[in-house]
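Inside the fold
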Amino acid sequence: MSDSSHSEGKRNLGDPLLPVGLGVHTLMHRWARAALTSLGVAAVIAVYLGVSGGVGEAGPDVRAPFEALSGRIIVQQAVEGYSEAEAYPALSSLLAESDAEAILAMRGADPLTSSSVLFVPLARVASPGEPPAVLAVGIEPGHEVAFLDGLPVGDGQAALSDSMSVILGPRAARYFAGAGACETVMLGAVIELAGAEFEVVGVLEPGTALTDHAVILPLRTAQNLFLRPGVVSAVILHVSDPASAGPVAAAIRERFPGLQVIGGESQGELEEPAPEIESGVVSFFEALKITVLLVAVLMISIVMVISVADQRRQIGILRAMGAGRPLIAGLVLTQAMVLSVAGTLLAWPVYALVMLSLRSVLAEANIEITLADLLPSWARLFVTALLVGGLASLWPAWQAVRVTPLEALRAE
Amino acid sequence: MIPLWDVALRSLKHRAARSALTVLGVALAGQLYITLAGTLAAYEEDLDRQLQAMGGRIVVQQPMARAGENEGFPSFSSSMPSDTAEAVLSSPGVDRPSSSAVLFLPLARPTLPDGPPAALLVGIEPGHEAAFLGGVTVGAGQPSLSSENSVILGEEAAGYYAAQAGSASLAIGQSLRLVGQEFTVTGLLEPASWLYDGAVLMPLSTAQSLFSLPTAVSGVMLSVDPAADIAEVQHAIQAQFPDLQIRAAGDLIEDVSRIINTYRIFFRGINSMVLSGVAIILAVVLLIAVSEQRREIATLRALGATRWNVLAHVVVQASLLTLAGMVIAWPIWWMVSLTLLRDFLVTFNLAFPRWVEVLALGLVVAALAAAAPAWRAVRVDPIEVLRDE
């Protein structure tokens, strides 16, 4: 800032862009320091991206299947205590097919868009709260809409054509492609499930975590394959008239008091899944994110405190020339923001490179990633960067605005 | 002799604000390290405990969906007819009293990535409980299911159902409801691994009728007769049942350990990145400090300080900043653990060794961060600097 600050200072001190110009100029004057600081911040923000984009997003994924269920009623077996936390789909839930048929036949249910379903996990749960990495969903052929609820197929058809046909969610399709040449299973391919061969007749568009991981097959085939004759996991009901959802749910509760009925409370609004089961993991990742951001704030703060100490003389001159405290604070704020935004912009390629290089390792834990999965919400990231910069500038800015012209010039 | 510590301390005190911020930044990074390394240690310790409890047994399951993949133990997709399970149990070399067909059903989702279900129903043949329990002992009651409505609970499951009943703990003989049916607690397990802590053991036939699966089981857990060779028995069963997956329990746990490797890499990656960031900022702080201290360094050199003394002066400053940060990391971790994390996974016993680790790592970070500034400092020429004065 030394030489040009005088010329810049000669500009109108009321110019709102003056602090920005001065701030950027000061950073360029100490470019090596600024570059190193941005690099340090980038390392930390890359970690923030990793934590936010990974298991830390478990919370929203847990709620996604529920949001997708809007307008439907789910009936499953209630297991005292833990079952509420398990929510939907309850993998332990098994109810007699005769009960399921009685529920489907209840007045108000739309038989065409309702179905009994059987859920069987085919791979481990990769993240808490999420469905299994691959989930077999047995459903009555012709009633696929009960589970899909209008989710379109990207390729093929949304109907199970025969007893050995399957429809795959996009993530399940990638899972079955395995180490093959293709990234995903193509239409017409044959996959093996529990020793039996199935033809892929449809691949779904991305939807919720539940549909993305699904392997949809005919209910009867699933019952035979997984030795579950005469039982189903749940009943998914659509009601003909949305206004009758409440009475239908109430009627099911009355007739089957031992079963858990989700939905229909107030015209299709669903209970949220009880979050306490994954609250430990969510708190853990929230604490990680907060710590990482605080480290970034402190990094920029340290450099800005030093920077303000270096610029005491220049700040004193500016004040002597009539610059107000907002201008001085703006000067510090600009420098902190630029360091934070630069660090954040550098962070994404670092994060993406690290994650892509770990693809094979992540695949072992059934976590499949593509470059598109790694794209952050840029608006949110930008706001985070501004917040980090803003917080980091608080103390240095306070120090800067307390510099008096007399004191700074006396020190000379 | 030059009092290096004193000079370094005075330099840091002179720039109190920046030193305090640097120490705080290092402390937060240290806290992060303790949390993540402690979490990994919790996983590894649990796998060791599971291995101790299950070692020496063979698990027979239906193979997984994708060829060549193992989902570890227990498998919730695995199901086989009871007749097949009985045939496996009748194989030569099998120690029948400590072997059993088992039915596993998750009663609650896992609370941890790649962890077992928070509550796991285990249907097992009465009199053959050792097939699942192995080395796990009961803390109260008996390790056997005495009647068709009896249950043995793991520590976590007992705590959960006690809370449901509104009491601090469950007593032997107390009742609890599961899937609309009354059960009596006949045994409470000692704390073991997460798998056992969430277990709800009940007679196999009861579990089958409760979940409408009269003729299916998840798999078989078997022990081998002491006189027989475990590998031979394993091969013989594999030859007889080529469609089933027959593996030593230890190998299955190894599979889980391999899956957890992802978290190992992820957490270690986070720690490395954050410590790298700290090292870079520390280097920036020290580079600036060296530029500001050129006059002091030149004076020290003029008074007889060697280049080694100057180098040590910078390294000592870096070490003091990182060590102070890493020391403060402990109370910060403790506060975060009590408030935000509520003792989630990482206990004091697991965290303390990680703190000692991070103290040592702090010195490595300090040495790396001090390299460039120290190089600059030793190149300060006293004549040139004093001439400029």
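Just so you know, these numbers come straight off a predicted model, no measurement behind them.

1. Looking at the overall build of chain A
- Regarding its fold elements, chain A presents 18 helices and 12 strands.
- For chain A, the proportion of contacts with a sequence separation of at least 24, taken over those separated by at least 6, is 79%.

2. A word on the interface of chain A and chain B
- Contacts between the two partners involve 71 residues from chain A and, on the opposite side, 66 residues from chain B.
- Residue assignment for the side of chain A that touches chain B shows that the elements contributing at least two residues are helix 3 (31-53), helix 5 (82-86), strand 3 (115-121), helix 8 (170-177), strand 7 (190-193), helix 12 (276-310) and helix 15 (359-364) of chain A.
- With 19 residues, the single largest contributor to the side of chain A that touches chain B is helix 12 of chain A.
- When the residues that make up the side of chain A that touches chain B are grouped by side-chain class, the tally is 47 nonpolar, 16 polar and eight charged.

3. Comments concerning helix 5 (residues 155-164) of chain B
Residue and element names in this part refer to chain B.
- Listed as buried for helix 5 are Ala157, Ala158, Tyr160 and Tyr161. Buried positions in helix 5, seen along its axis, are confined to an arc of 165° and lie on one side of it.
- Next to the buried residues of helix 5 lie strand 4 (117-124), strand 6 (150-153), strand 7 (175-178), strand 8 (181-189) and strand 9 (199-203).
- Just past helix 5, the residue Gly166 takes up positive phi, approximately 75°.

4. Details of the domain arrangement of chain B
- When cut into domains, chain B gives domain 1 (4-47 + 261-388) and domain 2 (63-243).
- Between the C-alpha centres of domain 1 of chain B and domain 2 of chain B the distance comes to 49 Å.

5. Observations regarding the confidence of the model for chain B
- Residue-level pLDDT values for chain B average 86, and 95% of them are 70 or greater.
- Across the whole predicted complex the pTM is 0.78, and at the interface the ipTM reaches 0.77.

6. Regarding the confidence of the model for chain A
Residues and elements named next belong to chain A.
- In this model, chain A carries a mean pLDDT of 80, and residues with pLDDT of at least 70 account for 81%.
- Across residues 55-60, where pLDDT falls below 50, the model places 16 contacts with residues more than four positions away in sequence or in other chains.
- Long-range and interchain partners of residues 266-277, a stretch whose pLDDT sits below 50, account for 32 contacts in this model, where long-range means more than four residues apart.

7. Examining the pairing of strand 3 (residues 94-110) of chain B
Residues and elements named next belong to chain B.
- With 14 of its 17 residues buried, strand 3 lies for the most part within the structure.
- The pairing of strand 3 with strand 11 (residues 219-224) spans five bridges and is classified as antiparallel. Across the sheet, the residue bridging to Val94 is Val224, located in strand 11.
- One ladder, built from seven bridges, connects strand 3 with strand 4; its direction is antiparallel. Each residue of the ladder has a partner; that of Leu105, found in strand 4, is Leu121.
- Between strand 3 and strand 4, which pair antiparallel one after the other, the connecting turn spans six residues, and Asp114 there sits at a positive phi close to 60°.

How each quantity is defined
- Residues numbered from 1 in each chain as written.
- Chains lettered and ligands numbered in written order.
- Predicted model: local features only at pLDDT ≥ 70, side-chain atom pairs only at ≥ 80, totals over all residues.
- Helix = DSSP H or I, 4+ residues; strand = E, 2+ residues; numbered from the N terminus.
- Contact = placed C-beta atoms within 7 Å.
- Nonpolar A, V, L, I, M, F, W, Y, C, P; charged D, E, K, R; others polar.
- Buried ≥ 20, exposed ≤ 12 C-beta atoms within 10 Å, placed from the backbone.
- Arc of directions from axis to C-beta.
- Domains from an automatic or database assignment.
- pLDDT = per-residue confidence, 0-100.
- Pairing = 2+ DSSP bridges.

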